[in-house]
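# Chain and residue survey
Listed here are the chains, written in short residue letters.
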Amino acid sequence: METTLRTTSKAISWQLSGFIVMTLISYRYTGSLSNAASLAGSSVLSGFVFYFIHEKIWQKISWGKLSAPTKHRPCM
């Protein structure tokens, strides 16, 4: 399980890289840096929100998680 701060940090770093890529792709098609940044910004905002929700939902699902091993004490 991870903290909300970790999930938020991951979402920000992922969306920042996505913003850069989307701006470059959008600029290629629009020819306008402001239009490209606006389009990329909309994508980043919606992507951030849905990524965060997606991560929180998956944290509640136990499928595919491994249990932490318990420490075994030798019997005497």
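Here, the structure is the one placed above.
In what follows, the accompanying structure is described. Everything numeric in this text was worked out from a predicted model, so none of it was measured.

## Some thoughts on the packing of helix α1 (residues 4-30) against helix α2 (residues 33-60)
In the contact formed by α1 and α2, the axes pass within 7 Å of each other and the chain directions differ by 150°. Considering their axes alone, α1 and α2 lie roughly antiparallel with respect to each other. Between α1 and α2 lies a crossing whose hand is right-handed. Taken together, the residues of the contact of α1 with α2 break down into 14 nonpolar, 13 polar and 3 charged.

## Section: a nonpolar patch on the surface
A grouping of Leu-45, Val-49, Phe-50, Ile-53, Ile-57, Trp-58, Ile-61 and Trp-63 is seen on the molecular surface, where their side chains present a nonpolar patch of about 860 Å² in accessible area. Note that Ile-57 resides in helix α2.

## Thoughts on α2
For α2, spanning 28 residues, the distance from its first C-alpha to its last is 40 Å, which sits close to the expected 40 Å at 1.5 Å a residue. For α2, the set of buried residues is Ala-36, Ala-40, Val-44, Tyr-51, Glu-55 and Gln-59. Packing partners of the buried residues in α2 comprise α1.

## Description of the packing of aromatic side chains
Summed over the entire model, instances satisfying the criterion amount to 1 aromatic pair. Measuring from ring centre to ring centre gives 6.2 Å for Trp-58 and Trp-63, while their planes differ by 50°; the resulting arrangement is tilted. Relative accessible area serves as the criterion here: at 40%, Trp-58 is assigned to the partly exposed category. What makes Trp-63 exposed here is its relative accessible area of 68%.

Parameters at a glance
Residues numbered from 1 in each chain as written. Predicted model: local features only at pLDDT ≥ 70, side-chain atom pairs only at ≥ 80, totals over all residues. Heavy atoms only, no water. Axes fitted to C-alpha atoms, helices over the stretch in contact; angles between N-to-C directions. Helix = DSSP H or I, 4+ residues; strand = E, 2+ residues; numbered from the N terminus. Parallel < 35°, antiparallel > 145°, perpendicular 65-115°, else oblique. Left-handed = near helix turned anticlockwise from the far one by under 90°. Nonpolar A, V, L, I, M, F, W, Y, C, P; charged D, E, K, R; others polar. Patch = residues over 30% accessible without salt bridge, like charges linked within 9 Å, V, L, I, M, F, W, Y side chains within 5 Å. Areas by Shrake-Rupley, 256 points an atom, 1.4 Å probe, with all protein chains shown as cover. Salt bridge = Lys/Arg side-chain N within 4 Å of Asp/Glu carboxyl O. Expected span 1.5 Å × (residues − 1). Buried < 20%, exposed > 50% of the residue type's maximum accessible area, 1.4 Å probe, protein only. Contact = heavy atoms within 4.5 Å. Phe/Tyr/Trp six-rings, centres within 6.5 Å; stacked < 30°, edge-to-face > 60°.

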